[in-house]
Amino acid sequence: MPDSQPQPQPPSNSSGSSGPSDQAALLLCGARLTDGRTVDVRLGGGHIEAVGTAGSLAPGPARKSAARVDLSGYLLLPAPAEPHAHGDTALSAEHPGPASYAPEDVQRRATEAALLQLGHGATAVRAHVRVGDVQGLGALGAVLQARRSLRGLAELTAVAMPRLLTGVAGADGLAMLRDAVKMGAGVVGGCPDLDPDPTGYVETVLEVASEHGCPVDLHTDAADPARLSRLAAMAGGLRPGVTIGPCAGLARLPTEAASRVADQLAAAGVTVVCLPQGGCGGVDRRGTAPVRLLRAAGVRVAAGSGALRDVSNPVGRGDPLEAAYLLASAHGLRPEDAYDAVCASARAVLGLPEVRVEAGFPAELLAVRGDHLPGALSLAYSRIVVHRGRVVARTSAVREYCNTAATAELGLPRQGRGELS
């Protein structure tokens, strides 16, 4: 079994804005890039300082030495991000009955879930959190506390999700939503499909987002093309942007209707986050959005994990590379486009800067055992994760074969020398 070992280290300053070794140099040696080159990469100050041929890089100016990480046999990639997680319900499937919303339970689960996703390579996570009703703002407060405890390891952003926002019953939800933003929720969201007035719900969310300058991230099955057309018309031009997902209902629409909606979403600049690994706590319908149709229309499509071992998906893994694998194997995307959905497009959803393995870009990196991207997506077991210029998680997998004529003849990989019993 792979052994995932996130390595927490407390921040060295009270602001918590960076890890303790941001300014220390780290030299990644012998890494393979997707273009086939084998390079050394020097990191410092949370960024990539230099990329050069293997063995060519010194520690850097004003430094006598740099820590070294041997990446021989690894493919070095920009780190993925998780654009659609559920921090308040993650890892709750093992316990009978409804998920506990006691703040200490939510904080523990949200922290553990973010660390699991970090071990997979996601150095940034957007977590949707329910507000209002019985849980009030308690679950949000717990997720925000988890965010503080993860500083220096991973970036965690909370999306406030009220259940109702219209009519008499929605007045409390609206007040709670505004309080959630003041409390620290960085994104305004929710599930308009569950409100008696879905269009009114969207209008209210967009209004609150505009008041506070927040992004919008809405759950919708996207099965009603007229409703989506209205959403696109209302969302057009809103900055810093509108995201919807998982939009599985789009795949059940006639192709002509789905294409019209896709054109409208593209024109409005709305991003779609699909969930190839299954559903999530916000919607009951299964399936995946028509990613190829959306991409052909010019819609930015990102991919998330959705439920992580909660009642909606008790076996959810929260692995962005599995999402990319499914986009390639089940939905026909090229491996490069599939990885873009969990990396560059996912980072754009989160408002994060672009990452390339080039000098000057953020040192948010994932090293995967393998020598090319298709193989990495197929068998991505061993991983090394870099956040803000330091190694924050390692996952190592060892496969051994016993001594037989077949293993010797075929030259199968052997990492153990002794006999296996």
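No experiment lies behind these values; they were computed from the predicted model shown.

**Things to note about the pattern of salt bridges**
By the definition in use, this model includes 19 salt bridges. Measuring nitrogen to oxygen at the nearest pair gives 2.8 Å for the salt bridge that ties Glu-211 to Arg-178. Here Arg-178 lies in helix 3 (residues 167-183) and Glu-211 lies in helix 4 (residues 198-212), a separation of 33 residues in the sequence. Judged by relative accessible area, Arg-178 falls into the partly exposed class, the value being 23%. For the salt bridge of Glu-256 with Arg-260, the shortest nitrogen-to-oxygen distance reads 3.2 Å. Taken as a pair, Glu-256 and Arg-260 lie in helix 6 (residues 255-268) at a separation of four residues, close to a single helical turn. For Glu-256, a relative accessible area of 60% gives the class exposed.

**Focus: the pairing of strand 6 (residues 74-78)**
Among the five residues in strand 6, five count as buried, and that is most of the element. One ladder, built from five bridges, connects strand 6 with strand 15 (residues 365-369); its direction is antiparallel. Bridged to Leu-77 within strand 15 is Leu-366.

**Overview of helix 6**
For helix 6, spanning 14 residues, the distance from its first C-alpha to its last is 20 Å, which sits close to the expected 20 Å at 1.5 Å a residue. Burial in helix 6 covers these residues: Ala-257, Ala-258, Val-261, Ala-262, Leu-265 and Ala-268. What you see down the axis of helix 6 is that its buried residues fit within an arc of 135°, all on one side. Across from the buried face of helix 6, at angles greater than 90 degrees, the exposed residues are Thr-255, Glu-256 and Ala-267. The secondary structure elements touched by the buried residues of helix 6 are helix 5 (225-235), strand 12 (242-246), strand 13 (271-274) and helix 7 (291-297). Positive phi shows up at Gly-269, right after helix 6, with a value of about 75°.

**Here's the deal with the packing of helix 1 (residues 103-120) against helix 2 (residues 138-149)**
Working note: a packed helix pair is described by the angle between its axes plus the distance between those axes. It is at 8 Å that the axes of helix 1 and helix 2 come closest, and there the two elements cross at 45°. As the angle between them shows, helix 1 and helix 2 are arranged oblique. The handedness of the crossing between helix 1 and helix 2 comes out as right-handed. Between helix 1, through Pro-103, Val-106, Gln-107, Ala-110 and Thr-111, and helix 2, the contact on the second element is made entirely by Gly-138, Ala-139, Ala-142, Val-143, Gln-145, Ala-146 and Ser-149. When its residues are assigned to classes, the contact of helix 1 with helix 2 shows seven nonpolar, five polar and no charged.

**Section: the nonpolar core**
If you look at the biggest cluster of nonpolar residues, it comprises 82 residues, and the most contacted ones within it are Ile-244, Leu-250 and Tyr-339. Residue contacts for Ile-244: discarding those within four places in its chain leaves Leu-218, Thr-220, Leu-228, Leu-231, Leu-265, Val-270, Thr-271, Val-272 and Val-273. If you look at the next biggest cluster of nonpolar residues, it comprises 20 residues, including Val-39, Val-69, Val-357 and Ala-367.

**Examining the environment of Val-159**
Within the secondary structure layout, Val-159 lies in strand 9 (residues 155-162). Given the relative accessible area of 0%, Val-159 is considered buried. For Val-159 and Asp-217, which are 58 residues apart along the polypeptide, the C-alpha to C-alpha distance reads 7.4 Å. Not counting residues within four places of it along the chain, the set of residues in contact with Val-159 comprises Arg-126, Ala-127, His-128, Val-129, Val-187, Val-188, Gly-189 and Asp-217.

**Quick notes on helix 2**
Compared with the 16 Å implied by 1.5 Å per residue over twelve residues, the 17 Å span of helix 2 between its first and last C-alpha is a close match. Residues of helix 2 that are buried: Ala-139, Leu-140, Gly-141, Ala-142, Val-143, Leu-144 and Ala-146.

**Brief notes about the confidence of the model for the chain**
Close inspection of predicted coordinates is inappropriate in any region flagged by low pLDDT. Counting all residues, the mean pLDDT for the chain is 88, and 88% of those residues have values of 70 or more. A low-confidence stretch, residues 1-22 stays under pLDDT 50, and its non-local contacts, those more than four residues away or across chains, total 44 contacts.

**Examining the environment of Gln-145**
Assignment of secondary structure puts Gln-145 in helix 2. A relative accessible area of 31% means that Gln-145 is categorised as partly exposed. With 42 residues separating them along the chain, Gln-145 and Pro-103 place their C-alpha atoms 9.5 Å apart. Among the polar contacts made by the side chain of Gln-145, one reaches the side chain of Arg-148 at a distance of 2.9 Å.

**Topic: the sheet that holds strand 7 (residues 82-85)**
If you trace the eight strands from one edge of the open sheet to the other, you get 7-8-9-10-11-12-13-14, paired in parallel fashion. Two strands lie at the open edges of the sheet, namely strand 7 and strand 14 (301-303), each paired on one side alone. Direction aside, the axes of adjacent strands within the sheet are offset by 25° on average. The pairing of strand 9 with strand 10 (residues 187-190) spans two bridges and is parallel. Its bridge partner being in strand 10, Val-159 is matched across the sheet by Val-187. Each of strand 8 (124-131), strand 9 and strand 10 touches helix 3; the most contacted strand, strand 9, lies at about 165° to it.

**Looking at the state of the cysteines**
According to the stated counting rule, one finds zero disulfides in the structure shown. Cys-247 supplies the cysteine sulfur nearest to Cys-274, a cysteine that is in no disulfide, at a spacing of 9.1 Å. A residue is classified by how much of its surface remains accessible, and Cys-274, at 0% relative accessible area, is buried.

Criteria and cut-off values
Residues numbered from 1 in each chain as written. Predicted model: local features only at pLDDT ≥ 70, side-chain atom pairs only at ≥ 80, totals over all residues. Heavy atoms only, no water. Salt bridge = Lys/Arg side-chain N within 4 Å of Asp/Glu carboxyl O. Helix = DSSP H or I, 4+ residues; strand = E, 2+ residues; numbered from the N terminus. Buried < 20%, exposed > 50% of the residue type's maximum accessible area, 1.4 Å probe, protein only. Pairing = 2+ DSSP bridges. Expected span 1.5 Å × (residues − 1). Arc of directions from axis to C-beta. Contact = heavy atoms within 4.5 Å. Axes fitted to C-alpha atoms, helices over the stretch in contact; angles between N-to-C directions. Parallel < 35°, antiparallel > 145°, perpendicular 65-115°, else oblique. Left-handed = near helix turned anticlockwise from the far one by under 90°. Nonpolar A, V, L, I, M, F, W, Y, C, P; charged D, E, K, R; others polar. Core = buried A, V, L, I, M, F, W, Y, C linked by side-chain atoms within 4.5 Å. pLDDT = per-residue confidence, 0-100. Polar contact = N/O pair within 3.5 Å; in protein donor to acceptor, adjacent residues only side chain to side chain. Disulfide = S-S within 2.5 Å.

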